Amino acid sequence: MGNDRRAGWVAAAAGGLLAGAALPPVGWPWLLWPAVVLLWSLTESRTGSVSAPRRFRRGGLWGLAAVLVSHRWLLWLHPLDWIGVPGPLSLPICLALWLAIGLAGALLVGAWTALVGRLDPARPSTALLAAALWGLAEVLLAKGPLFWLGLGAAALPGDRALAGLAAVGGAGFLAALQLLIGWGLWRALRGLPAQRARWLLVTLALVATCHLAGLALLAQAGAEGGDGDGRGDGGRTERWLVLQPAIPTREKFEADQQRRLLQRLAFAQRQAAAAEPPVQGVLLPEGSLALGQLLPEAAPVEVLSGGFRREGLELRSSLLRFEPDQRQAGGWVDKHRVVPLGEWVPLASLWRWSGLSAVGGIEPGTASRLLSRPGGDVGVAICYELSDGAALGAATRQGARWLLASANLDPYPLQLQGQFAALAQLRAIETGRWLVSSANTGPSLLVDAGGQVLEKLPPGRPATGLLTVQQRSTLTPYDRWGETPLIGLALLAGAWRWLSRAPG
């Protein structure tokens, strides 16, 4: 009995560690599936000796380990002196934040494990329902302030063929698929000898079918031009000069750094204006321009830059649009998902620690991610808004012709840049749109509608690049239907369980 108990805890810890390692930047689902097999094993007890509370704790350990490994980049926030936190408090705060996110993951996975254990995890209807609920939970969490990535991102960058199915059901559908594949392998391992071969063949057939379907969707995305829906935009392209400043966040608002940035921006404006073939404009990352900052020159090119603006008494972090020959912003999209404590202070009217944010406290803007512009509307994600595929899908339905991800990502390590790049690929596949990432320290890159990274600037140092993005108007199934296929799967599984009382 004691050995069984220890084996359960070892399986939980090992599975969670493996899952965390398999997520981007590795992004290799074949490494994730054994971890998911171990997770399914935590949901049952053939002898009945594992109680629901113990399943909850073991599932929680799996979730805790997975989140701590995949989100270890949070420790690079230390030291926090740049946002006014005293030195002795910095490391404890960073550790507390890292552990708090891990405990939140533990709570969610533990609750899922306990629920599945009560529903008899060996039944196919339970597997479908549990997988769909997990996928829908990731979609809902991505709309809140504390979610970055989950199993839905696990297929990138290592298995773009499987990720092609995101064009049908988004990241939530991919998360559910990972769980179903893991469940099939688990059934093959736990079943009677006569059943093992059957379940293994069924699972391998599912994997093969998903890859073939994903490849077909990627090929379709590559073959379709911008006028694939008959709107006649002719596959129009735009060339943008991307400026990667690589200014440390701790130094961003120093006078010398701001002066050098404006000098580089002025040079980039002149360079873009003189380029042949013509360049549409210049892209700068999140938070580049100070509050109220004018452009250094009124050049005949458009500028899209991260910056700050006032909406009444509220401060907003925004993507600002400067029309050609104008020095003052004439359009913008405000950041909607703001970082708790780092940017946004809850109940700020009741209490405020002015040193809590380097920019004095940001308030969220409207939920729409659509930036209207004469040259073609753009879907915008500012920093970790990139994790919300549903919001960019909505912007695409509203008319976005390409996507722009604007980010800072300093002082975080290359691990976070790899995760950001994987999410950029996933968003491009979901929406069928080309995506440009403009980031302070990287990744500044160009991704096509099939999720392939075409160009990338070297990370961590100042650089510029001319990137050509293709406008598209064709809608993917995910653009049209959103999470409807995943919701349908959950309803189908629930109906199956209700109609059939016998184990599957």
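This one's a predicted model, so the numbers in the text were calculated from it and none came from an experiment.

Rules behind the numbers
Residues numbered from 1 in each chain as written. Predicted model: local features only at pLDDT ≥ 70, side-chain atom pairs only at ≥ 80, totals over all residues. Heavy atoms only, no water. Pairing = 2+ DSSP bridges. Helix = DSSP H or I, 4+ residues; strand = E, 2+ residues; numbered from the N terminus. Axes fitted to C-alpha atoms, helices over the stretch in contact; angles between N-to-C directions. Core = buried A, V, L, I, M, F, W, Y, C linked by side-chain atoms within 4.5 Å. Buried < 20%, exposed > 50% of the residue type's maximum accessible area, 1.4 Å probe, protein only. Contact = heavy atoms within 4.5 Å. Phe/Tyr/Trp six-rings, centres within 6.5 Å; stacked < 30°, edge-to-face > 60°. Lys NZ or Arg CZ within 6 Å of the ring centre and 35° of its normal.

Caption draft 1: Up close: the sheet that holds strand β5 (residues 331-334). The six strands lie next to each other as β5-β4-β3-β2-β1-β12, forming an open sheet whose pairing is mixed. Every interior strand has two partners, whereas the edge strands, β5 and β12 (463-470), have only one. Here the average twist between neighbouring strands, direction ignored, is 35 degrees. Where strand β1 (residues 237-244) meets β12, eight bridges bridge the pair, whose relative direction is antiparallel. Paired with E238 across the two strands is V469, which belongs to β12.

Caption draft 2: Structural context of the nonpolar core. Counting 72 residues, the largest nonpolar core has W148, L386, L404, L426, L435 and V436 as its most contacted members. Among the elements that make up this core, the one with the highest residue count is helix α11 (residues 414-431) (nine residues). If we skip the residues at most four places from it in the chain, W148 touches H71, W73, Y384, S387, L416, Q419, F420 and L423. The next biggest cluster of nonpolar side chains, apart from the first, holds 39 residues, and it includes A19, V36, A66 and L179.

Caption draft 3: Structural view of the packing of aromatic side chains. Per the counting criterion, the structure on display carries 10 aromatic pairs. Ring geometry for W30 against W33: centres 4.7 Å apart, planes inclined by 55 degrees, an arrangement best described as tilted. In this pair, W30 and W33 both sit in helix α2 (residues 29-41), three residues apart, roughly one turn of the helix. What makes W30 partly exposed here is its relative accessible area of 40%. For W33, a relative accessible area of 3% translates into the label buried. Ring geometry for W40 and W112: centres 5.3 Å apart, planes at 70 degrees, overall edge-to-face. Placement of the pair is W40 in helix α2 and W112 in helix α4 (residues 87-118), with a sequence separation of 72 residues. The same class applies to W40 and to W112, which are both buried. Pairwise contacts between aromatic rings join W40, W62, W112, W134 and W186 into one cluster. Between R58 and the ring centre of W9, over which it is positioned, the NZ or CZ distance is 5.7 Å.

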